[in-house]
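Fold and contact review
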Amino acid sequence: MSSMAVFRLILVVVFLGWLVVWIMLPTKLYKNTWTPKLNSKLNSTYFSGQGTNLLLLSCPMMFIAALGCIYLHAKKQQRSSYSQSVVTSNRLSFLRRPALVMAPLGTVTAMELAFAAMFIALLIWSLGNYVYVSFGHLHIHKQGEKVWQTKFRTVSLRLGYVGNICWAFLFFPVTRGSSILPLVGLTSESSIKYHIWLGHLSMILFAAHTVGFVMYWAVTHQMAQMLEWSRTWVSNVAGEIAAVLALAMWVTSSYRIRRKMFEVFFYTHQLYILYIVFYVLHVGAAYFCMILPGIFLFAIDRYMRFLQSQRRARLDSARLLPCGSVELTFSKSPGLYYNPTSILFLNVPSISKLQWHPFTITSSCKMDQDKLSVAVKRLGNWSQKLCQEISSSVDRLEVSVEGPYGPNSSHFLRHEQLVLVSGGSGIAPFISIIREIMFESTKPNYQAPRVLLVCAFKNSANLAMLDLLLPINDTPANISQLQLQIEAYITREEEQPIADNQKLLQTIWFKPNQLDSPICAFLGQNNWLWLGAIIASSFIMFLLILGIVTRYYIYPIDHNTEEIYHFSFFVLWDMFLLCACIFLASSAVFLFLKKENATEGKQIQNLEVPTPTPSPGSWFRNADRELESLPHRSLVQATKVHFCARPDLKRILFDCKASDVGVLACGPRKMRHEVAKICSSGIADNLHFESISFNW
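This section reports on the structure supplied with the text. (Residues numbered from 1 in each chain as written. Predicted model: local features only at pLDDT ≥ 70, side-chain atom pairs only at ≥ 80, totals over all residues. Heavy atoms only, no water.)

Helices and strands together make up the secondary structure of the protein chain, namely 19 helices and 18 strands. With 696 residues in all, the protein chain has 52% of them scored as buried. Of the contacts made within the protein chain by residues no fewer than 6 positions apart, 79% connect residues no fewer than 24 positions apart. (Helix = DSSP H or I, 4+ residues; strand = E, 2+ residues; numbered from the N terminus. Buried < 20%, exposed > 50% of the residue type's maximum accessible area, 1.4 Å probe, protein only. Contact = heavy atoms within 4.5 Å.)

Judged by side-chain polarity, Val6, Ile10 and Phe63 come together as a nonpolar surface patch covering roughly 220 Å² of accessible area. Its place among the elements puts Phe63 in helix H3 (residues 51-80). (Patch = residues over 30% accessible without salt bridge, like charges linked within 9 Å, V, L, I, M, F, W, Y side chains within 5 Å. Areas by Shrake-Rupley, 256 points an atom, 1.4 Å probe, with all protein chains shown as cover. Salt bridge = Lys/Arg side-chain N within 4 Å of Asp/Glu carboxyl O.)

Applying the stated criterion across every chain, the model contains 33 aromatic pairs. Centre to centre, the rings of Tyr161 and Tyr287 are 5.2 Å apart; their planes meet at 40 degrees, and the pair counts as tilted. Within this pair, whereas Tyr161 is found in helix H5 (residues 147-170), its partner Tyr287 is found in helix H12 (residues 285-309), the two being separated by 126 residues in sequence. Ring pairing ties together the aromatic residues Trp167, Phe171, Phe206, Tyr272, Tyr275, Tyr279 and Phe298, which thus form one cluster. Positioned above the aromatic ring of Phe135, the side-chain terminus of Lys151 is 5.1 Å from the ring centre. Stacked on the ring of Tyr255, the Lys or Arg Arg669 has its end atom at 4.0 Å from the ring centre. (Phe/Tyr/Trp six-rings, centres within 6.5 Å; stacked < 30°, edge-to-face > 60°. Lys NZ or Arg CZ within 6 Å of the ring centre and 35° of its normal.)

A few words now on the packing of helix H7 (residues 188-219) against helix H8 (residues 236-252). Remark: H7 packs on H8, axes separated minimally by 11 Å, with the N-to-C direction vectors making an angle of 140 degrees. Here H7 is positioned oblique relative to H8, judged by the angle of their axes. Classified by chirality, the crossing of H8 by H7 is left-handed. In this structure, H7 uses His200, Met203, Thr210 and Trp217 to contact H8, whose residues at the interface are Asn236, Glu240, Ala243, Ala246, Leu247 and Trp250. (Axes fitted to C-alpha atoms, helices over the stretch in contact; angles between N-to-C directions. Parallel < 35°, antiparallel > 145°, perpendicular 65-115°, else oblique. Left-handed = near helix turned anticlockwise from the far one by under 90°.)

As a further point, take the environment of Leu54. By secondary structure assignment, the location of Leu54 is in helix H3. Separated by 233 residues in sequence, Leu54 and Tyr287 place their C-alpha atoms 9.6 Å apart. Dropping the residues within four chain positions of it, Leu54 is found in contact with Phe47, Cys59, Cys289, Leu292, Leu543 and Leu546.

Attention shifts here to the sheet that holds strand E14 (residues 516-517). Spatial strand order, E7-E6-E9-E3-E14: five strands in an open sheet with mixed pairing. Both edges of this open sheet fall to strand E7 (357-360) and E14, since each of them pairs with a single strand only. As paired elements, strand E6 (residues 343-347) and E7 share four bridges and run antiparallel to each other. By the bridge assignment, Ile343 is partnered in E7 with Thr360. (Pairing = 2+ DSSP bridges.)

Trp167, Tyr275, Tyr279, Phe296, Ile535 and Phe542 are the most contacted members of the largest nonpolar core, which totals 94 residues. When near neighbours in sequence (up to four residues on either side) are disregarded, Ile535 contacts Met62, Ala65, Ala66, Cys69, Ser179, Leu297 and Ile300. With 38 residues, the next largest nonpolar core counts Phe430, Ile431, Cys455 and Met465 among its residues. (Core = buried A, V, L, I, M, F, W, Y, C linked by side-chain atoms within 4.5 Å.)

This part takes up the pairing of strand E18 (residues 687-691). Pairing geometry for strand E17 (residues 661-666) and E18, over five bridges, is parallel. The partner of Val663 across the bridge, within E18, is Phe689. Handedness of the β-α-β unit built from E17, helix H19 (residues 669-679) and E18 comes out right-handed. (Right-handed = clockwise from strand over helix to strand, strands pointing away.)

With that settled, consider the side chain of Gln222. Along the chain, Gln222 falls in the loop between H7 and H8. Classification of Gln222 by relative accessible area gives buried; the value is 15%. When sequence neighbours within four positions are dropped, the list of residues in contact with Gln222 reads Lys142, Glu145, Tyr216 and Trp217.

Below, the discussion takes up H7. Spanning 32 residues, H7 covers 45 Å between terminal C-alpha atoms, matching the ideal 46 Å at 1.5 Å per step. Just downstream of H7, His221 is the residue with a positive phi angle, here 55 degrees. (Expected span 1.5 Å × (residues − 1).)

Glancing now at the pattern of salt bridges. Two side chains bearing opposite charge may form a pair once their charged atoms approach each other closely. The final tally for this structure, using the stated rule, is 12 salt bridges. Measuring nitrogen to oxygen at the nearest pair gives 2.9 Å for the salt bridge that ties Glu402 to Arg176. One end of the pair, Glu402, is in strand E9 (residues 399-405); the other, Arg176, is in the loop between H5 and helix H6 (180-183), with 226 residues separating them in the sequence. On the basis of relative accessibility, which here comes to 2%, the residue Glu402 falls in the buried class. Across the salt bridge formed by Asp316 and Lys371, the nearest N and O atoms sit 2.5 Å from each other. Of the two residues, Asp316 is situated in strand E4 (residues 315-320) and Lys371 in strand E8 (residues 371-376); the sequence distance between them amounts to 55 residues. Overall, Asp316 belongs to the buried group, its relative accessible area being 6%.

This part is about the pairing of strand E12 (residues 484-490). The element E12 is largely enclosed, with a buried count of six among its seven residues. Summarising the sheet, strand E11 (residues 450-457) and E12 pair through seven bridges and their orientation is parallel. Among the inter-strand pairings, Leu453 is bridged to a residue of E12, identified as Ile486. Across five bridges, the pairing between E12 and strand E16 (residues 639-643) is parallel. Of the residues in E16, the one forming a bridge with Glu487 is Lys640.

These results come straight from atomic positions and should not be treated as a statement about function.
Shown next, in the form of structure tokens:
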């Protein structure tokens, strides 16, 4: 058995063991038999009542996160030892086929549907067992309380317990530099929908929990309980504050508000910090340990992102397209690695110091060793202000970045043919894919997949987006070697515009500044081992300091005096130590990597600003024009433009006769759903669908 197989086996066994604990947790066997034995051995003077949950529910996932970093590093080294990309097996490809396509769930694969069903089954199982065990030992809290009232309170309480299960998984999908998601072939972008699903589900359960208790207090004449902050038990006030914060975030995170009033959604969602604090104050230290791994890993990721964002990125140039879009090109460290369809988060302080927006990377890290480009289209207020500021002849633009984030492998290369379906700005991730294939095709004996790009635009000016297929620098880009076919559809114009009205493509070069630095490789797939070191060291440090504080500060108060240590103070210690340990470990690694990356920085020489040149996109309007550039000529020859038409996606996809066709769709939701339904119809077994969506 290979070392990689041993790693996988260990990770699977530990994860299954962690799931078994969650399954057994609500049962009578666990409560009456396992709990007394576990508590007697694990709830020591060093961890008080947290020992059992720390060992069974926190440590396994932290172990997987740390060991997973070593596994991903070894896998990356193994992949880089081959001259060609590793081809993945298609034996289980049917599990990745769309099984359900409907709003608001979107496109759900058979595998996602199966895991969602198992998760719902876990929630039902947990609630049923919690209620069954509780009804067998009802506790009357008030004299004269009726049995139905006690049962109603019990059910309301257990709904909160079940909601806690959702919280145990809630933060994994939004941990961008996670080592958990790549282990199962996911990215944070593709997993956002799981965070949304879990958010809706937990909100429903916690709302039922809160309303149930308010109704119980009302019918038993105990409304004063709403103002209680108990010294020896959970705080009702903290739970109510958390419920109000959760409601505000939930309402403003609806799809329409996110699309039309992004700032409202963004700023309201920052309340998650207060929500976590009051939620944890409500549930207590022992239950906090149940959801600790997700919060711990998210906190590490969030702090590392904060450290990276404090550096100003070196913006070299901006390529203004006639359609109003702009391609920003940054300097990057040669050691920075990312895969096609990755994204980069941008912040421009002159526009907003708080807002971060994700944009698709259009460059290939293999083709452009020291450059990184992103495409920005004028859609919202923020992007419009950015384009206006760039067009105003500024010498320098301060930009901070987070990322890049993206898939762990170039899995699309395994297909015999690729069909890329885009609408509007959805073409951006496909630019990086085509550039990657363009580079790979230069290798000897490499068989590049045939590529069919189907793109729909509102007007012919947007054809300029195809210009981004050709890099801005002098990197060799012989597009003629590709088996590339582009079908461009103009939906709102009936004929070709007059060629004399063609606009110019303009490239703006920014002056270098010593305060700016190239985008460097920090964590994630660029430094898995360092991320593993941060996770392991910070968690071990947390356990050690927590044990010392509990044993030599909290324990003497509880056992050597008549005073009872405040219930909420346990939680405050947990949260403070968690943040302190993450701060120390992450800062030390960041400073080391910063010093190491500083040696790789390159001096930028002043570049003369070139004069505006005709956009190759305009040449599609006048194909008879003499083309002096071979790449541009090849691009035009590969492109067929259809005016006043929409693509017949069913015909296009069913005409693909290759045995293995990868179908990627990016753009409006309706278009992605249509492509998914065609691929899942069962008529063509050779179609393998994948949706790329950044509509959070």
